[in-house]
Amino acid sequence: MDSFAFSVLFIVFLSLTMACRFWLASRHIRHVHRHREALPPQFAEKITLASHQKAADYTIAKTRLGLVDLVTGTVLLLALTLFGGLQYLSSHLIPVLGTGMLYQLGLLVSFAVITGLIDIPMDYYRQFVLEEKFGFNKMTPQLFFTDMLKNSLIGALIGLPLCWVVLTLMSSAGQWWWLYAWLVWSGFQLLMMVLYPSVIAPLFNKFKPLEDDSLRQRIEGLMQRTGFASKGLFIMDGSKRSAHGNAYFSGFGASKRIVFFDTLIERLAPQEIEAVLAHELGHFKKKHIVKRITLIFILSLGFLALLGYLKQQVWFYTGLGVDPLIVGSTASNDAMALLLFMLTLPIFTFFLSPVSALTSRKHEFEADAFAAHHTNAHDLISALVKMYDDNASTLTPDPVHSTFYDSHPPASIRIGHLNAHLKAD
């Protein structure tokens, strides 16, 4: 392949992806708006029309903002690649940093800083305009920027050493560097799964042990019935940032812990909390977590092998607006290859999204079935309805949009499956 052919291929895939995403978003907006005035029958006695309309308006607002984000991201992608942004950045870093590892890390850091700064206005608007308008924002501007600073510092402390190791392997480990890099990356991911619950997450939120004795006994009884062991039950102060509620378990091996948002604890009854947790435990018992991790590791191995090939192809650089010789014949192009690969991979893999979403929805059905078996399906239905209501989740998503994007089944279908379990029992 020559550089012109690759440039054309990139533009074609980018255009198709943009067109498809705009089409999906417009379908979603029209479908949600068309069903705004009437609740689905199975929710008519459980959710008010006003709440349904709020969810519709919230969904439409988020989708429209997503289109603005899409346009901004596409303009930035083109500016960095075909219009020479990365080439310009590289040519100005080399005289300052030289052509060695410092230049490569500097290129990655510069890219992260530039894209991060561009994202700030959109993130701020999303939090303090859109979320505020619909009553979900609990964050202050001070906390917003404090979180941003913490994320940046943690990203630098963790990311820079990892990047240094990968770049060193790319330049010094021969043709099998991608395999060694994959082993390092996989080990790093597993390490983060162990460290995140007890080291990183507490930097952003406070976690306190569940103090309600009756609820704790109920949950411990569920864990005994399902054969699940955890390192503790915790309440997280999610309400200091958002009114949205959720529950999850995190960690790996002996570090597993169950976490409830304080907003969820306040809203749901004890039996509903038990049912929600049973769903989350279903993911674990059905080995969904292991399957997802395994799939991610397999895909990452394939992608790194592909990068190992592409980084040696001149057309990969020149077709995306970078001349590796102008960057410097003595400079390594490994960091540039990483950036170009990271920027373009989502464009070429977008149309695989329905496969990922389908797998995720299948797992959700299986977790619901597990919860219905070990708790009362009525309680899970009641909890889900409250969560749909509290989180302003639309009850009427566009089916095609949902097929592409939604990791969870549409509300009506999900409740229908749970009702089928009730009839079967």
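These remarks concern the structure in this document. Owing to the predicted nature of the structure, the values given are computational and were not obtained by experimental measurement.

Calculation notes
- Residues numbered from 1 in each chain as written.
- Predicted model: local features only at pLDDT ≥ 70, side-chain atom pairs only at ≥ 80, totals over all residues.
- Heavy atoms only, no water.
- Helix = DSSP H or I, 4+ residues; strand = E, 2+ residues; numbered from the N terminus.
- Rg over C-alpha atoms; globule rule 2.2 N^0.38 Å.
- Contact = heavy atoms within 4.5 Å.
- Areas by Shrake-Rupley, 256 points an atom, 1.4 Å probe, with all protein chains shown as cover.
- Phe/Tyr/Trp six-rings, centres within 6.5 Å; stacked < 30°, edge-to-face > 60°.
- Buried < 20%, exposed > 50% of the residue type's maximum accessible area, 1.4 Å probe, protein only.
- Lys NZ or Arg CZ within 6 Å of the ring centre and 35° of its normal.
- Patch = residues over 30% accessible without salt bridge, like charges linked within 9 Å, V, L, I, M, F, W, Y side chains within 5 Å.
- Salt bridge = Lys/Arg side-chain N within 4 Å of Asp/Glu carboxyl O.
- Lys, Arg positive; Asp, Glu negative; His and termini not counted.
- Charge placed at Lys NZ, Arg CZ, Asp CG, Glu CD.
- Expected span 1.5 Å × (residues − 1).
- Polar contact = N/O pair within 3.5 Å; in protein donor to acceptor, adjacent residues only side chain to side chain.
- Axes fitted to C-alpha atoms, helices over the stretch in contact; angles between N-to-C directions.
- Parallel < 35°, antiparallel > 145°, perpendicular 65-115°, else oblique.
- Left-handed = near helix turned anticlockwise from the far one by under 90°.
- Nonpolar A, V, L, I, M, F, W, Y, C, P; charged D, E, K, R; others polar.
- Pairing = 2+ DSSP bridges.

For the rest of this paragraph, the subject is the overall build of the chain. Helices and strands together make up the secondary structure of the chain, namely 17 helices and four strands. Its C-alpha atoms give the chain a radius of gyration of 24 Å, within 12% of the compact-globule value 22 Å for 425 residues. Pairs at least 24 apart in sequence give 78% of the contacts found in the chain among residues at least 6 apart. By element, 65% of the accessible surface of the chain is carried by carbon and sulfur atoms, the whole surface being about 21,100 Å².

This brings us to the packing of aromatic side chains. Taken as a whole and assessed by the stated rule, the structure comprises 21 aromatic pairs. Where Y124 meets F144, the ring centres are 5.4 Å apart and the plane angle is 90°; that geometry is what we call edge-to-face. Of this pair, Y124 sits in helix α4 (residues 101–133) while F144 sits in helix α5 (residues 141–172), and the two are 20 residues apart along the sequence. Owing to a relative accessible area of 31%, Y124 belongs among the partly exposed residues under this scheme. Seen from the ring of F136, K54 lies directly overhead, with NZ or CZ sitting 4.8 Å from the centre. Seen from the ring of F204, K150 lies directly overhead, with NZ or CZ sitting 5.7 Å from the centre.

We now examine a positive patch on the surface. On the surface, K285, K286, K287 and K291 cluster together into a positively charged patch. Within the element layout of this structure, K285 appears in helix α9 (residues 270–285).

Moving on: the environment of L295. Mapped onto the secondary structure, L295 falls in helix α10 (residues 288–310). Among the residues examined, L295 registers a relative accessible area of 46% and is labelled partly exposed.

Below, the discussion takes up the pattern of salt bridges. A side chain with one charge may pair with a side chain of the opposite charge, provided their charged atoms come close. Tallying each qualifying case throughout the model produces 17 salt bridges. Two residues, E37 and R36, come together in a salt bridge whose shortest N-O distance is 3.0 Å. Between D334 and K311 there is a salt bridge, with its nearest N and O atoms 2.9 Å apart. You can see D334 sitting in helix α13 (residues 334–349) and its partner K311 sitting in the loop between α10 and α11 (314–318), a full 23 residues away along the chain. Overall, D334 belongs to the buried group, its relative accessible area being 4%.

In this section: unusual backbone geometry. Residues other than glycine seldom take positive phi values, yet K287 does so here, at roughly 65°. Checked against the element boundaries, K287 lands in the loop between α9 and α10. Note on K287: relative accessible area 52%, which makes it exposed. The backbone phi angle of A392 is positive, close to 55°, even though this residue is not glycine. Here A392 lies in the loop between α15 (377–390) and α16 (399–405).

This brings us to helix α1 (residues 3–34). Spanning 32 residues, α1 covers 46 Å between terminal C-alpha atoms, matching the ideal 46 Å at 1.5 Å per step. Among the residues of α1, the N-terminal cap falls to D2, whose side-chain oxygen and the backbone nitrogen of F4 are separated by 3.3 Å.

Turning our eyes to something else, we now look at α10. Its 23 residues place the ends of α10 32 Å apart at the C-alpha level, agreeing with the 33 Å of an ideal helix rising 1.5 Å per residue. Listed as buried for α10 are H288, I293, F297, S300, L304, L307, G308 and L310.

This part is about the packing of α4 against α5. Running from amino to carboxyl end, α4 crosses α5 at an angle of 155°, the nearest separation of the two axes being 11 Å. When the axis of α4 is compared with that of α5, the two are roughly antiparallel. In terms of crossing hand, the pair formed by α4 and α5 is right-handed. Touching M101, Q104, L105, L108, V109, I120, D123, Y124 and F128 of α4 are P141, F144, F145, M148, L160, C163, W164, L167 and T168, all from α5. Here the contact of α4 with α5 is built from residues that sort into 15 nonpolar, two polar and one charged.

Right, let's talk about the side chain of S402 for a bit. Looking at where S402 falls in the secondary structure, it is placed in helix α16. Reaching out from S402, the side chain makes a polar contact with the side chain of D406 at a distance of 2.9 Å. Setting aside anything within four residues of it in sequence, one finds S402 in contact with R361 and P410.

The subject of this paragraph is the sheet that holds strand β4 (residues 257–261). With mixed pairing, the four strands of this open sheet are ordered in space as β1-β2-β4-β3. Every other strand in the sheet has two partners, leaving β1 (207–209) and β3 (247–250) as the edge strands with one partner each. Neighbour-to-neighbour, the strand axes of this sheet turn through a mean angle of 35°, independent of strand direction. As judged from the four bridges shared by strand β2 (residues 233–236) and β4, these two strands associate in the parallel manner. From the neighbouring strand, L233 faces β4, where its bridge partner is I258.

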